[in-house]
Amino acid sequence: MVRARNGRLRHAELGLALVAGGALSADWAPTFAAVPRAAFLPAVMWPWDMAAGRSVCVSRADDPERWRAYADADCPVVTQWDDGDHSGTEPGEAPTSSASMPSVVFRMLRDLDVRSGDRVLEIGTATGWNAALLAHRAGAGRVISMEVDGALAERARTALERFGSSARVIHGDGFQGYPEGAPYDRIMGTCGIRRFPWAWVEQCRPGGILVAPWGTHYSNADGVARLVVAGDGSSASGRFTGPVEFMKLRAQRLPRVVHKEYVRGSVTDGDETSTALTEEEFTGGRFGPQRFAVGLRVPGCVQVEAEKRDGARPVWLYSLRDLSWACAYFRDGGKTRIWQSGPRRLWEEAEAAYRWWVAHDRPGYERFGLTITEEGGRAWLDEPDESWAL
């Protein structure tokens, strides 16, 4: 559990830790000091307890010191479960809004490179903290933030007004942007996206910067995309700056994959092969770049890892284009058996993508890039000339 200490001292200690870790740059330090996250968090929240490995409920009324300690800790804080259809103190089924880790927040703000006087559009207001940080940096009347959830929008609006921030909150679907305030110098998404909205590019001026977590439906392993709008406005292109995991834009959430619609009998009814790949090689850690890379190379596919039991873990692949599926049965110290079925040979696609990643010297997120045009998106490795359609 985080330590309960004097609020001002805790906040200063967090700032020093963010600077030491490279997340908080010197030019953002005054904004960090002036706009504390605690001013925007609800009275009941669910921070991620690093030691326990789970979300825990904390009430400001019941334990103000503990509440404040988590508010000033570098941990994510869930502020809404199940799109608001949740009550009680136990965590809900799915987190649907949060205050991100301060280290993640300030790395993304650094990527956005906001200057005084810039017009900024934020997609995903949540608590309003990020909007307040942007407004402190850009200046009065320069920041518009959009929130699709009406209750969250009202709560953030109240928090911003109470704090004295000029950031304006619009209740609406940020997928379409907010053309009434365009053109913007900077557009920032604080929710994970799967298809980069062309409206965002259209509403950002030539030379403007767009920053958002982007990834494929293959996994939750997103990368922070930092794109610059071309001089003629015909595209936006740039590299990923690092790994991240965000709640998804509601308009682009993945529909629930129903296992029994794919596998109607036994898994052993599928065609059986094997592979020399181990679980660690193929899946990597939570933010392993191979998971991100495979997702870029195997479109329309979802990976689901089952619980590990007795040294074995099934890893499933489901096609989003038909009912093709594959199952890799990884066992510690043993051969990996593969079963698959359907028109797509999903395991062959996934293993080929992994081998491609290895053949290119196991590139990290920073070597990948993204180019968006009105026709769609293209991913690339090292240079935009070597791109492929998504």
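Residues numbered from 1 in each chain as written. Predicted model: local features only at pLDDT ≥ 70, side-chain atom pairs only at ≥ 80, totals over all residues. Heavy atoms only, no water.

## What to know about the pairing of strand E1 (residues 44-49)
Selection rule: Only strands that DSSP links by at least two bridges are regarded as paired with each other. Only runs of H or I of at least four residues qualify as helices and only runs of E of at least two qualify as strands under DSSP, and these elements are numbered from the N terminus.
In this sheet, strand E3 (residues 58-59) lies alongside E1 in antiparallel orientation, the contact comprising two bridges. Bridging from a neighbouring strand, Met 45 pairs with Val 58 of E3. Judged from the two bridges that link them, E1 and strand E4 (residues 77-81) form a sheet pairing that is antiparallel. Pairing of Trp 46 across the sheet is with Val 78, part of E4. When E1 meets strand E2 (residues 54-55), the two strands line up antiparallel, connected through two bridges. From the neighbouring strand, Trp 48 faces E2, where its bridge partner is Ser 55. If you look at the hairpin formed by E1 and E2, you'll find four residues sitting between the two strands, and Gly 53 has a positive phi there, around 70°.

## Brief notes about empty space enclosed by the protein
As a reminder, the rule being used: Here a cavity means grid points, on a 1 Å grid over the protein atoms only, where a 1.4 Å probe fits yet cannot get out; a pocket means an open set of points with protein on both sides within 12 Å along at least five of seven lines; lining residues are those with an atom within 4 Å of a point. Grid points are joined across faces, edges and corners, and a volume is the space filled by probe spheres set on the points. Residues were grouped as follows: Ala, Val, Leu, Ile, Met, Phe, Trp, Tyr, Cys and Pro as nonpolar; Asp, Glu, Lys and Arg as charged; and all remaining residues, including Gly, as polar.
Taken as a whole, this structure holds one cavity of 30 Å³ or more when the rule is applied. Split into classes, the residues belonging to the lining of the largest cavity amount to five nonpolar, two polar and one charged.

## Overview of the state of the cysteines
Selection rule: Any two cysteine sulfur atoms within 2.5 Å of one another count as a disulfide. For each residue, the accessible area found with a 1.4 Å probe, counting protein chains only, is set against the maximum for its type, and the residue is called buried under 20%, exposed over 50%, and partly exposed in between.
A full pass over the atoms with the stated rule returns zero disulfides. No disulfide involves Cys 191; its sulfur sits 16 Å from the nearest other cysteine sulfur, which is in Cys 204. Its relative accessible area of 9% is what places Cys 191 among the buried residues. Of the cysteine sulfurs around Cys 301, a residue in no disulfide, the closest is that of Cys 327, at 13 Å. Taking relative accessible area as the criterion, Cys 301 reaches 1% and is therefore assigned buried.

## Overview of helix H10 (residues 289-297)
In terms of burial, H10 is largely enclosed, as seven of its nine residues are buried. Among all positions of H10, only Gln 290, Arg 291, Phe 292, Ala 293, Val 294, Gly 295 and Leu 296 are buried.

## So, the environment of Gly 174
For clarity, the cut-off: The contact rule is simple, with two residues in contact once any of their heavy atoms fall within 4.5 Å.
Structurally, the position occupied by Gly 174 is in the loop between strand E8 (168-171) and strand E9 (184-189). The exposure class of Gly 174 is buried, given its relative accessible area of 5%. Taking the C-alpha atoms as reference points, Gly 174 and Gly 124, separated by 50 residues in sequence, lie 7.2 Å from one another. Excluding residues that lie within four positions of it along the chain, Gly 174 makes contacts with Ile 123, Met 146 and Trp 200.

## Looking at the packing of helix H4 (residues 102-112) against helix H5 (residues 129-138)
Note the threshold: Helix axes use the C-alpha atoms of the stretch in contact, all axes being lines fitted to C-alpha atoms, and the angles between their N-to-C directions lie in the range 0 to 180 degrees. When describing relative orientation, an angle under 35 degrees is termed roughly parallel and one over 145 degrees roughly antiparallel, while 65 to 115 degrees is termed roughly perpendicular and anything else oblique. Left-handed describes a crossing whose near helix is turned anticlockwise from the far helix through less than a right angle; right-handed describes the clockwise counterpart.
For the pair H4 and H5, the least separation of the axes is 12 Å and the interaxial angle reads 40°. By the angle between their axes, H4 is oblique relative to H5. Where H4 crosses over H5, the two elements pack in a sense that is right-handed. Contact residues: Pro 102, Val 105, Phe 106, Leu 109 and Leu 112 in H4; Trp 129, Asn 130, Leu 133 and Leu 134 in H5. Partitioning the contact of H4 with H5 into residue classes produces eight nonpolar, one polar and no charged.

## Describing the sheet that holds strand E15 (residues 312-319)
With respect to topology, five strands assemble into an open sheet ordered E13-E17-E16-E15-E14, the strand pairing being antiparallel. At either margin of the open sheet sits one strand with a lone partner, and together these are strand E13 (271-275) and strand E14 (301-305). Geometrically, the sheet is characterised by an average inter-axis angle of 20° between neighbouring strands, direction not taken into account. The pairing of strand E16 (residues 325-331) with strand E17 (residues 336-341) spans five bridges and is antiparallel. Among the inter-strand pairings, Cys 327 is bridged to a residue of E17, identified as Trp 339.

## Let's talk about the pairing of strand E7 (residues 143-147)
Convention followed: Here the term right-handed applies to a crossover when the path leading from its first strand over the helix to its second strand runs clockwise, the strands being oriented away from the viewer.
With five of its five residues buried, E7 lies for the most part within the structure. Going residue by residue along E7, you find Val 143, Ser 145 and Glu 147 tucked away on one face and Ile 144 and Met 146 tucked away on the opposite face as well. Sheet topology note: the strand E6 (residues 120-123)/E7 ladder contains four bridges and is parallel. The residue of E7 that forms the bridge with Glu 122 is Ser 145. The handedness of the E6 to E7 crossover, carried by H5, is right-handed. Pairing of E7 with E8, which is carried by four bridges, proceeds in the parallel orientation. In the sheet register, Ser 145 faces E8, and the bridge partner there is Val 169. Following the chain from E7 across helix H6 (residues 150-163) to the adjacent parallel E8, one finds a crossover that is right-handed.

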